[in-house]
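Listed below, chain by chain, are the residues.
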Amino acid sequence: MLSQKAKYAMRALLYLAQAQPENPVFISEIADQQSVPKKFLELILLDLKRHGLVHSYRGKKGGYALAKTPDKIYFGQVIRIIDGPLAQLPCASRTAYRRCDDCENEQTCEIRRVMLQVRDSTARILDNTSLADVMVKGTTELVEGAGI
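Please read all numbers here as calculations on a predicted model, not as lab measurements.

Draft legend 1. The arrangement of the overall build of the chain in detail. Scanning the chain from N- to C-terminus turns up seven helices and two strands. Listed by position from the N terminus, the elements making up the chain come as α-α-α-β-β-α-α-α-α. For the C-alpha atoms alone, the extent of the chain along its principal axes is close to 60 × 35 × 25 Å. For the chain, buried positions account for 36% of its 148 residues.

So, in structure tokens, the structure goes:
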């Protein structure tokens with residue numbers, strides 16, 4: 001399940017994507033416009049900054065701006081930064097694989113087989129959907145384009 005923190009991160013990034021890159025946006029503006037608690041948003045933006053998705057600027061004309069163009073920031077990337085792996089089970093994860101403690105045989109595990117398909121379908125959509133895509137296309141169009 002997508003955490004509230006990841007939803008706030010996506011809302012903040014989409015807001016920054018609509019701003020002029022040469023005009024950084026104050027945290028307070030993002031928080032007010034996107035109904036995100038300011039202190040929580042500060043922590044989220046620090047995470048995103050550490051991972052190279054946003055820049056911060058100090059001073060009177062300071063604030064935050066995207067570090068990449070909106071077409072280079074993907075939902076899957078953001079969710080992995082904030083929430084971790086997309087997979088529902090550790091044995092189905094590509095980025096944080098771990099054998100399940102109670103698994104007798106991964107090769108014949110039906111649950112794992114289904115969760116691998118879920119992970120692959122989820123990753124196909126999230127890793128191919130950028131901020132720019134969402135700003136330009138409707139959500140229905142994106143899902144239909146992914147073959148879902």
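Draft legend 2. Expanded view of helix α5 (residues 110–126). In a regular helix each residue adds 1.5 Å, so 17 residues correspond to 24 Å; α5 covers 24 Å between its end C-alpha atoms and thus fits that length. Within the sequence span of α5, burial applies to Arg112, Arg119, Ala123 and Leu126. With its buried residues spanning 65° around the axis, α5 presents them on a single face. Opposite the packed face of α5, turned more than 90 degrees from it, sit the exposed residues Glu110 and Gln117. Elements that come into contact with the buried residues of α5 comprise α4 (75–83).

Draft legend 3. Spatial organisation of the environment of Ser130. Tracing the chain through its elements places Ser130 in the loop between α5 and α6 (131–136). Sequence separation between Ser130 and Leu53 is 77 residues; the distance between their C-alpha atoms is 12 Å.

Draft legend 4. The packing of aromatic side chains, seen in detail. Scanning the entire structure with this criterion turns up one aromatic pair. Ring centres of Tyr8 and Phe40 lie 5.7 Å apart, and the angle between their planes is 80°; this geometry places the pair in the edge-to-face category. Here Tyr8 is found in helix α1 (residues 4–18), whereas its partner Phe40 is found in helix α3 (residues 38–50), with 32 residues between them in sequence.

Draft legend 5. Examining the layout of surface pockets more closely. Its boundaries defined by the atoms lining it, the largest pocket holds a volume of some 330 Å³. Lining the largest pocket we find 17 residues, and of these Met1, Leu2, Ile79, Leu86 and Leu126 sit closest to its centre. Considering every element that reaches the lining of the largest pocket, the biggest residue donor is α5, with five residues. Residues belonging to the lining of the largest pocket are distributed by class as follows: 11 nonpolar, three polar and three charged.

Draft legend 6. Examining the pattern of salt bridges more closely. Throughout the structure, instances matching the rule amount to six salt bridges. One salt bridge in this structure joins Glu42 and Lys39, with 4.0 Å as the shortest N-O distance. Placement of both Glu42 and Lys39 in helix α3 is noted, with a separation of three residues, approximately one turn of the helix. Across the pair Asp120 and Arg119 runs a salt bridge whose closest N-O atoms are separated by 2.4 Å. For Asp120, a relative accessible area of 31% gives the class partly exposed. With relative accessibility at 10%, the residue Arg119 sits in the buried group. Through salt bridges that share partners, Lys5, Asp47 and Arg50 make up one connected network.

Rules used throughout
- Residues numbered from 1 in each chain as written.
- Predicted model: local features only at pLDDT ≥ 70, side-chain atom pairs only at ≥ 80, totals over all residues.
- Heavy atoms only, no water.
- Helix = DSSP H or I, 4+ residues; strand = E, 2+ residues; numbered from the N terminus.
- Buried < 20%, exposed > 50% of the residue type's maximum accessible area, 1.4 Å probe, protein only.
- Expected span 1.5 Å × (residues − 1).
- Arc of directions from axis to C-beta.
- Contact = heavy atoms within 4.5 Å.
- Phe/Tyr/Trp six-rings, centres within 6.5 Å; stacked < 30°, edge-to-face > 60°.
- 1 Å grid on protein atoms, 1.4 Å probe; cavity = no way out; pocket = protein on both sides within 12 Å on 5 of 7 lines; lining within 4 Å.
- Points joined across faces, edges and corners; volume = space filled by probe spheres on them.
- Nonpolar A, V, L, I, M, F, W, Y, C, P; charged D, E, K, R; others polar.
- Salt bridge = Lys/Arg side-chain N within 4 Å of Asp/Glu carboxyl O.

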